[in-house]
Amino acid sequence: MADPVLLMTSSARAGEEQRRRSASAAGNETNLFRMTDAGRMTDTPSAVKVFRCGTVALAGRSNVGKSTLLNRLLGAKVAITSDKPQTTRSRILGIRTLADAQMVWVDTPGIHRARSMMNRRMVDAAERSILESDMVVAVIDAKEGFIPADREAIERAAVGSRPWLIAVNKLDLVGKSALIPLLDGLGRAYPDVDLVPVSAKKGSNLAALECAVAARLPEGEAVYPRDELTDQSARALVQEFVREQIFAATGGEIPYKTAVLVEQFEEKRGLDVVSAVILVERNSQKRILVGSGGSMIRQIGTLARHELERFFGRRFHLELFVKVRRDWTKSPRMLTELGL
Ligand SMILES: Nc1nc2c(ncn2[C@@H]2O[C@H](COP(=O)(O)OP(=O)(O)OP(=O)(O)O)[C@@H](O)[C@H]2O)c(=O)[nH]1
Ligand SMILES: [Mg+2]
């Protein structure tokens with residue numbers, strides 16, 4: 001979407017609505033989303049004298065693009081993504097330090113009606129992170145529209161109990177004819193909440209999102225060093241990067257019945273040597289993950305290694321094993337061991 005805009009502040013929305021009607025009446029809708037005055041003020045972080053710092057939870061149902069948005073905001077991949085729901089299992093922290101603000105972004109698992117113990121723990125983790133954060137960016141998928149599951153996620157996680165705004169993501173997938181009614185509907189449902197259309201995939205309008213967020217953070221010193229990107233350990237990143245490739249390579253229940261545990265991590269002559277176990281619940285799942293002649297596990301290992309090398313900027317040797325741990329998703333002890 002080529003238009004300049006795109007911060008719809010709630011206070012500006014009424015005026016925008018009036019302008020839109022006039023533009024519409026004149027048969028000219030090309031400039032509907034102009035940066036509002038309020039938006040322009042927040043678009044100049046250098047003009048803000050104080051330093052601001054706080055945690056910002058990315059919240060919403062699964063698959064709306066929370067983790068993709070986090071990565072795009074940071075310009076680095078700290079959270080795994082996939083086209084399947086419930087990819088993120090625990091809170092992922094990503095730090096972005098600008099001249100006048102440090103935003104501590106907190107990616108959270110998608111909020112859904114959890115039936116299994118693992119899924120309940122995922123949703124609990126999301127809800128806890130949201131309640132502990134200084135503000136919340138609720139993410140909605142523009143292509144899917146504002147569906148009841150979005151409203152449920154916002155309400156169940158008590159998103160509105162903190163300062164919050166709505167990022168309408170996947171702007172690249174919709175034209176104005178779909179975006180305008182969506183923004184109108186959201187504006188009616190949440191009249192006091194600012195709406196920021198973005199595309200995490202294309203990186204569109206992220207400056208407006210950052211400005212809107214920075215302006216709402218509490219005043220305070222930076223909590224993390226400027227160059228810090230995430231609080232995840234190298235082990236945790238390996239586990240997640242392997243899990244991402246399992247999500248990409250397999251289907252059905254397999255992504256949801258697997259977990260990854262790093263068993264050994266050491267540096268040998270400039271090479272990080274890592275061995276990790278992929279846990280599955282059944283022998284049939286193990287057979288699929290190993291693949292014919294080990295082809296599937298090799299592919300997962302190679303792709304995960306490439307991602308690791310890109311992230312860390314150094315060489316890895318990654319060995320993967322598949323082990324059956326019957327019903328591990330139902331074991332509280334195993335879930336805790338896996339950080340869930
Ligand atoms: N076209 C398009 N696709 C996007 C955009 N943002 C995310 N996606 C895709 O949406 C899918 C889900 O993205 P994720 O970032 O994993 O979504 P999530 O909200 O973190 O999902 P959970 O972790 O399961 O809660 C992936 O296939 C992404 O590539 C976007 O701006 N445009
Ligand atoms: Mg995610």
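Scroll up to find the structure.
Definitions and limits used
- Think of each chain on its own: its residues are numbered from 1, step by step along the sequence as written.
- Chain A is the first chain written and ligand 1 is the first ligand written, with later ones labelled in order.
- Local features in this predicted model are restricted to residues whose pLDDT is 70 or higher, and side-chain atom pairs enter the listing and the counts only when it is 80 or higher, whereas totals over whole chains, interfaces and linings include all residues.
- As a convention, hydrogens and water are excluded, and side-chain values are obtained from all of the structure's heavy atoms.
- Axis definition: a line fitted to C-alpha atoms, over the contacting stretch in the case of helices. Angles run 0 to 180 degrees between N-to-C directions.
- Counting from the N terminus, the helices are DSSP H or I runs at least four residues long and the strands are E runs at least two residues long.
- Any pair of residues with heavy atoms lying within 4.5 Å of one another is described as a contacting pair.
- Classification convention: Asp, Glu, Lys, Arg as charged; Ala, Val, Leu, Ile, Met, Phe, Trp, Tyr, Cys, Pro as nonpolar; all other residues, Gly among them, as polar.
- Throughout, exposure labels follow a simple rule: accessible area from a 1.4 Å probe, protein chains only, divided by the maximum for the residue type, with under 20% read as buried, over 50% as exposed, and the rest as partly exposed.
- By arc we mean the arc of the directions from the helix axis to the C-beta atoms, nothing more.
- For Na, K and Ca the donor cut-off is 3.2 Å, while for other metals it is 2.8 Å, and in both cases only N, O and S atoms qualify; water is not among them, so sites may look incomplete.
- It suffices for a single heavy atom of a residue to lie within 4 Å of a molecule or strand for the residue to be listed as near it.
- Any pair of nitrogen or oxygen atoms within 3.5 Å is treated as a polar contact; in protein, a donor-acceptor pairing is required on top of that, and neighbouring residues in sequence qualify only through side-chain atoms on both sides.
- Residue burial considers only the protein chains on display, and all accessible areas are found by Shrake-Rupley using a 1.4 Å probe.
- Every definition here rests on a 1 Å grid over the protein atoms only: cavities are sets of points where a 1.4 Å probe fits but cannot get out, pockets are open sets enclosed by protein on both sides within 12 Å along at least five of seven lines, and lining residues have some atom within 4 Å of a point.
- Occupancy of a cavity or pocket is assigned to a molecule whenever over half of its atoms lie within 2 Å of that pocket's grid points.
- Roughly parallel here means an angle under 35 degrees, roughly antiparallel means over 145, roughly perpendicular means 65 to 115, and every remaining angle is called oblique.
- Two helices cross in a left-handed way if the nearer one is turned anticlockwise from the farther one by less than a right angle. They cross in a right-handed way if the turn is clockwise.
- Strand pairing is defined by DSSP finding a minimum of two bridges between the two strands.
- Grid points are joined across faces, edges and corners, and a volume is the space filled by probe spheres set on the points.
- Where each domain starts and ends comes from a domain assignment, either automatic or drawn from a database.

**Student:** Describe the packing of helix H9 (residues 283-290) against helix H10 (residues 295-312), and please don't skip the residues or the numbers.
**Tutor:** Axis separation between H9 and H10 bottoms out at 5 Å; the angle between their running directions is 65°. Of the residues in H10, those in contact with Ile288, Leu289 and Val290 of H9 are Ser295, Met296, Ile297 and Ile300. Classifying every residue of the contact of H9 with H10 by side-chain character gives 6 nonpolar, 1 polar and no charged.

**Student:** With reference to specific residues and values, describe helix H5 (residues 148-156).
**Tutor:** Considered for burial, the residues of H5 that qualify are Asp150, Ala153 and Ile154. The arc that holds the buried residues of H5, viewed along the axis, is 95°, so those residues lie on one side. Those residues of H5 that are buried are in contact with strand S4 (135-141) and strand S5 (164-169). Positive backbone phi, approximately 50°, marks Ala158, located one or two places after H5.

**Student:** If you had to explain the coordination of the magnesium ion (ligand 2) to someone new, which residues and values would you point to?
**Tutor:** Taken together, Ser67 (OG) and Thr88 (OG1) make up the protein donors of the magnesium ion (ligand 2), found 2.0 to 2.1 Å from the metal. One end of the pair, Ser67, is in helix H3 (residues 66-74); the other, Thr88, is in the loop between H3 and strand S2 (92-97), with 21 residues separating them in the sequence. The burial state of Ser67 is the same as that of Thr88; both residues are buried.

**Student:** Just give me the short version of the site of ligand 1, but keep the residues and values in it.
**Tutor:** Taken together, 22 residues lie around ligand 1, and Lys66, Thr68, Gln86, Thr88 and Asp172 are the ones closest in. Contact between ligand 1 and Gly110: an oxygen atom at 3.2 Å from a main-chain N or O atom of the residue. Surface burial for ligand 1 is 90%, taken as the share of its 660 Å² of free accessible area covered by protein chains. In this structure the site holding ligand 1 corresponds to the largest pocket. Here the shell around ligand 1 gets 3 residues from one element, more than from any other, and that element is H3. Per-class residue counts for the shell around ligand 1 are 4 nonpolar, 13 polar and 5 charged.

**Student:** Tell me about unusual backbone geometry, and name the residues and values.
**Tutor:** Backbone geometry places Asn205, a non-glycine residue, at a positive phi of 65°. Mapped onto the elements, Asn205 comes out in the loop between strand S6 (195-197) and helix H7 (206-216). The phi torsion at Arg269 lies on the positive side, around 45°, for a residue other than glycine.

**Student:** So what's going on with the packing of helix H8 (residues 234-249) against H10? Residues and values would help.
**Tutor:** Where H8 meets H10, the axes come as close as 9 Å, and the angle between the chain directions of the two elements is 135°. The orientation of H8 with respect to H10, classified from their angle, is oblique. Between H8 and H10 the crossing geometry is right-handed. Contacts between H8 and H10 involve Ala234, Leu237, Val238, Phe241, Val242, Gln245, Ile246 and Ala249 from the former and Met296, Gln299, Ile300, Leu303, Ala304, Glu307, Leu308, Phe311 and Phe312 from the latter.

**Student:** Mind laying out the sheet that holds strand S9 (residues 316-324), listing which residues take part and the relevant values?
**Tutor:** In space, the 3 strands of this open sheet follow the order S7-S8-S9, with mixed pairing throughout. Both edges of this open sheet fall to strand S7 (259-268) and S9, since each of them pairs with a single strand only. Neighbour to neighbour, the strand axes of the sheet diverge by 15° on average, direction disregarded. Of the strands in this sheet, strand S8 (271-280) and S9 touch H9, which is tilted by about 155° from S9. Each of S8 and S9 is contacted by H10, which is oriented at about 140° to S9, the strand it contacts most.

**Student:** Tell me about the layout of surface pockets, and name the residues and values.
**Tutor:** Of the volumes computed, that of the largest pocket is approximately 600 Å³. The dominant element in the lining of the largest pocket, judged by the number of residues it contributes, is H3, at 4 residues. Residues belonging to the lining of the largest pocket are distributed by class as follows: 5 nonpolar, 13 polar and 11 charged. The computed volume of the second largest pocket comes to approximately 290 Å³. Along the wall of the second largest pocket there are 15 residues; nearest its centre are Ser90, Ala236, Gln239, Glu240 and Leu338. Looking at the lining of the second largest pocket, the elements with two or more residues in it are H8 and S7. Looking at which element gives the most residues to the lining of the second largest pocket, the answer is H8, with 4 residues. Here the lining of the second largest pocket is built from residues that sort into 6 nonpolar, 4 polar and 5 charged. Counting contributing residues per domain, the lining of the second largest pocket is built from domain 1 (11-214) and domain 2 (234-337), each supplying no fewer than three.

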